[in-house]
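# Examination of the molecular architecture
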Amino acid sequence: MSAPAATAASAPGSDSALLEVDGLYTHFELRQWGFLRTGTVRAVDGVSFTLDAGEATAVVGESGCGKSSLARTLLGLHRPTAGSLHFAGSELSSLGRADLKAYRAQVGYVQQDPYGALPPFMEVRRILAEPLIVHGIRRRAERWQRIQAALEEVGLAPATEIAGKFPHQLSGGQQQRVVIARALLLRPAMLIADEPVSMLDASVRVEILTLLHRVQQEHRLALLYITHDLSTVRHYVDRAMVMYGGRVVEQAPVDALLRHPQHPYTEALLSALGDPDAANAGRPRPVPGGEAPSLIHPPSGCRYHPRCPHAMAGRCELEPPPPDFRPRPEHRVACWLRE
Ligand code: SF4
């Protein structure tokens, strides 16, 4: 298969999608003693969505809902158990090593922990040069030109001074700007940002989200923004998907999802945000109704039924709702209440 390119034809079944994910499963076998199998982690369990060029989508859910496993599967770091992944018309599961390398150049990755993402004993200049060398930019002058432009684009100036620093000499916000610069260096078509501000001081979170939003708009990037915090999505994305127990339970344009949530779990996430004027505004409270479900032994039927205040006896614990009831245009929800 030829290497995927952002300018290639769109995925089958879609007129414009850059990324098309259809019935994706990523399961892991847990082994405790030697090869003795102790369970299957159903981290991603039948997820479908599309992402257009230039579109920003948030993936929202509690810790352990499968959203980071979804991100790592899209990055090619986990092999899907089943389902299909098309990027710019190419099926990813069949890519060989060289094509996978070409695909990764098309997909920038912004990790949760910027300090952990940056090699501690390398200067910023060398950290940013590495992906360019790996992807065949051999002329030193061209590498420096790209590094300088990327640092300036993310607000790290003067570039010559920043390039000579080690990660520990930078603040957390500056480190995350370097991670974003690295993600942009190869001029990707898509960015995956996995909880990009959750380990930063509250004072710089808005700055980093605003920066991501600006570069996404300016480069017309597809953006998958993964977060546990629904309060951070409103101004930065076009659409939002809510994950629960490895599945997508609701997806819609972000305004519709925030104003007219259709799934009881989305309602619970919103209620946990609390009063924006209260003293603890911006700090989500625990979602009511108990813990997130086990991905090894998920509840039967609707996975939310043990926590759901609207669960219908004899139905919700037995029958999993399909993921695509459409109570409103462009709004899909997995809940029997919207049948
Ligand atoms: Fe609640 Fe039933 Fe809807 Fe699940 S399907 S969210 S248990 S009402």
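Bear in mind that the values here come from a model prediction, so they are computed numbers and not experimental data.

What follows concerns the overall build of the protein chain. When helices and strands are counted, the protein chain shows ten helices and twelve strands. Evaluated residue by residue, the protein chain yields a buried proportion of 49% over its 339 residues. In the protein chain, of all internal contacts separated by at least 6 residues, the share reaching a separation of at least 24 is 65%. Of the roughly 16100 Å² of accessible surface on the protein chain, 50% is carried by carbon and sulfur atoms.

Summed over all chains, the structure comprises two cavities of 30 Å³ or more. In this model, the largest cavity occupies a volume close to 100 Å³. Looking at the second largest cavity, its volume works out to about 40 Å³. Lining the second largest cavity are Leu209, Leu212, His213, Leu223, Tyr225, Tyr236 and Val237. Secondary structure elements with two or more residues in the lining of the second largest cavity: α8 (202-218) and β8 (222-227). A breakdown of the residues in the lining of the second largest cavity according to their chemical character gives six nonpolar, one polar and no charged.

This next bit is on the side chain of Thr227. One can find Thr227 in strand β8. At a separation of 2.9 Å, a polar atom in the side chain of Thr227 contacts the main-chain amide nitrogen of Asp229. Here Thr227 is in contact with Val59, Val60, Gly61, Lys67, Glu195, Thr232 and Val233, once residues within four sequence places are set aside.

We now examine the packing of aromatic side chains. In the structure shown here, the tally under the stated rule is five aromatic pairs. Through a chain of ring-to-ring contacts, three or more aromatic side chains come together here, namely Tyr244, Tyr265 and Tyr304. Over the aromatic face of Trp144 sits the side chain of Arg125, whose NZ or CZ is 4.9 Å from the ring centroid. Stacked on the ring of Trp336, the Lys or Arg Arg315 has its end atom at 3.9 Å from the ring centre.

Cut-offs applied
Residues numbered from 1 in each chain as written. Predicted model: local features only at pLDDT ≥ 70, side-chain atom pairs only at ≥ 80, totals over all residues. Heavy atoms only, no water. Helix = DSSP H or I, 4+ residues; strand = E, 2+ residues; numbered from the N terminus. Buried < 20%, exposed > 50% of the residue type's maximum accessible area, 1.4 Å probe, protein only. Contact = heavy atoms within 4.5 Å. Areas by Shrake-Rupley, 256 points an atom, 1.4 Å probe, with all protein chains shown as cover. 1 Å grid on protein atoms, 1.4 Å probe; cavity = no way out; pocket = protein on both sides within 12 Å on 5 of 7 lines; lining within 4 Å. Points joined across faces, edges and corners; volume = space filled by probe spheres on them. Nonpolar A, V, L, I, M, F, W, Y, C, P; charged D, E, K, R; others polar. Polar contact = N/O pair within 3.5 Å; in protein donor to acceptor, adjacent residues only side chain to side chain. Phe/Tyr/Trp six-rings, centres within 6.5 Å; stacked < 30°, edge-to-face > 60°. Lys NZ or Arg CZ within 6 Å of the ring centre and 35° of its normal.

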